[in-house]
Amino acid sequence: GDGPFPGVIDMYGDEGGLIEFRSSLLATHGFAALSLPYFDFEDLPRILKDLKLEYFEEAARFLQRHPKVKGPGVGVIGTGKGAELALSMITFLPEVVAAVSISGCSSNTVADLHYGETTLPGLRFDMEKVTVSESGVFDVFEALDDPTNPANSSSVIPIEKAEGHFLLVVGEDDRMWKSSLYAELAIRRLRQHGKENFELLSYPGAGHRIDPPSTPFCQVAMDRVLGVPVLGGGESKAHAHAQEHSWGKIQEFLHLHLG
């Protein structure tokens, strides 16, 4: 059709590159979707290092001004590292009015994030806390710096500043990191500031990468950064249910808040 359509920016995690399948599906469901790579694509940096939020601001403004986009605000959906970037975007960028965080962290991780004079340091992974099974699968569940440690408070994303709405999607058997805990921390922070602008979808037995329905489930997958098989967690039937149920809820949420 001719539109205009609700606009959504779509991002994935530390695998890098341009990942378009979820954006394609969003487009078939009535969204103008922009797949946004942020490293390891064309002229972008090859590795995940310091990030500037101005890059994501440019993308939000580009989408907002597109003649096919309804506006006035746009949404963002992200998985893993892309999820925390979605939280940062809705926090700092007025163009972004709805954010879907799938298996994200409530603090900035890995790469420092800069916006003007503001910097959110990235929590680091301590490889000494990684365990390796007899079959050679790496379990990194305990490796990320503790976001509740006061020494790491400067990495916390100040989501209470956001005027828009959040949808937090987590698998309770996520073994990549403690996404259920991070969602609890995000909700606690919002409520401490009198905010109720969030929904939580928490799925028992689901693992890390909660993609759209019928996406293959991989309990273990090669990690592009580490170059080794990493445990993602989850059980196939429960994970499939999470993908099926959350996909409908994500679309409802975006349509509700983007028009």
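Residues numbered from 1 in each chain as written. Predicted model: local features only at pLDDT ≥ 70, side-chain atom pairs only at ≥ 80, totals over all residues. Heavy atoms only, no water.

Trainee: Give a detailed account of the layout of surface pockets, specifying residues and quantitative values.
Mentor: In this structure, the largest pocket occupies an estimated 870 Å³ of space. If you go around the largest pocket, you meet 38 residues; those closest to its centre are D14, E15, M176, H208 and D223. Counting only elements with at least two residues in the lining of the largest pocket, the list comes to strand 12 (220–222), strand 13 (229–231) and helix 5 (236–258). If one sorts the elements of the lining of the largest pocket by residue count, strand 12 sits on top with three residues. Tallied by class, the residues present in the lining of the largest pocket amount to 20 nonpolar, 11 polar and seven charged. (1 Å grid on protein atoms, 1.4 Å probe; cavity = no way out; pocket = protein on both sides within 12 Å on 5 of 7 lines; lining within 4 Å. Points joined across faces, edges and corners; volume = space filled by probe spheres on them. Helix = DSSP H or I, 4+ residues; strand = E, 2+ residues; numbered from the N terminus. Nonpolar A, V, L, I, M, F, W, Y, C, P; charged D, E, K, R; others polar.)

Trainee: Can you explain the sheet that holds strand 6 (residues 113–115)? Please cite residues and give values.
Mentor: Within the open sheet, the three strands sit side by side as 3-6-7. Their pairing is mixed. Strand pairing shows two members of the sheet lacking a second neighbour, strand 3 (51–52) and strand 7 (118–120), which therefore form its edges. Across three bridges, the pairing between strand 6 and strand 7 is antiparallel. Across the sheet, Y115 pairs through a bridge with T118, a residue of strand 7. Across the sheet, helix 3 (residues 81–92) touches strand 3, strand 6 and strand 7, and the angle it forms with strand 6 is around 20°. (Pairing = 2+ DSSP bridges. Contact = heavy atoms within 4.5 Å. Axes fitted to C-alpha atoms, helices over the stretch in contact; angles between N-to-C directions.)

Trainee: Explain the UniProt feature "domain: BAAT/Acyl-CoA thioester hydrolase C-terminal" (unreviewed entry) in the protein chain residue by residue, including any values.
Mentor: UniProt tags residues 52–259 as "domain: BAAT/Acyl-CoA thioester hydrolase C-terminal" (unreviewed entry). The distance from the first to the last C-alpha atom of residues 52–259 is 29 Å, and the span holds 30% helix and 21% strand. (UniProt positions renumbered as here; feature names shortened; annotations may be inferred.)

Trainee: Break down helix 2 (residues 53–65) for me, with residues and values.
Mentor: Given a rise of 1.5 Å per residue, 13 residues ought to cover 18 Å, and the 18 Å separating the end C-alpha atoms of helix 2 matches this to within 8%. For helix 2, the full list of buried residues reads L53, F56, E57, A59, A60 and L63. All buried residues of helix 2 project into a common sector of 160° when viewed along the axis, lining one side. With respect to the buried face of helix 2, the exposed residues turned more than 90 degrees away are E58 and R65. (Expected span 1.5 Å × (residues − 1). Buried < 20%, exposed > 50% of the residue type's maximum accessible area, 1.4 Å probe, protein only. Arc of directions from axis to C-beta.)

Trainee: I'd like to hear about the pattern of salt bridges, residue by residue, with values.
Mentor: Applying the stated rule across the entire model yields 13 salt bridges. R22 serves as the salt-bridge partner of D10, at 2.7 Å between the closest nitrogen and oxygen. With a gap of 12 residues between them, D10 in strand 1 (residues 7–11) and R22 in helix 1 (residues 21–28) connect regions that are remote in the sequence. Accessibility assignment for this pair places D10 and R22 in one class, buried. Salt-bridge contacts for D40 lead to R46; the nearest nitrogen and oxygen are separated by 3.1 Å. Residue D40 is classed as buried on the basis of its relative accessible area, which comes to 15%. Taken together, the salt bridges that share partners define one network made up of E15, R209 and D211. (Salt bridge = Lys/Arg side-chain N within 4 Å of Asp/Glu carboxyl O.)

Trainee: Before we move on, could you go through the packing of aromatic side chains and cite the residues and values that matter?
Mentor: Enumeration according to the criterion identifies six aromatic pairs in this entry. Note on Y55 and F56: the rings are 5.2 Å apart at their centroids and 90° apart in plane angle, and the pair reads as edge-to-face. Judged by relative accessible area, Y55 falls into the partly exposed class, the value being 28%. The exposure class of F56 is buried, given its relative accessible area of 0%. On the numbers, 5.8 Å between centres and 85° between planes, the contact of W177 with Y182 is edge-to-face. Note on W177: relative accessible area 7%, which makes it buried. Feature note: the residues Y38, F39, Y55 and F56 constitute an aromatic cluster, connected by ring pairs. It is R175 that lies over the ring of F141; its NZ or CZ is 4.1 Å from the centre. (Phe/Tyr/Trp six-rings, centres within 6.5 Å; stacked < 30°, edge-to-face > 60°. Lys NZ or Arg CZ within 6 Å of the ring centre and 35° of its normal.)

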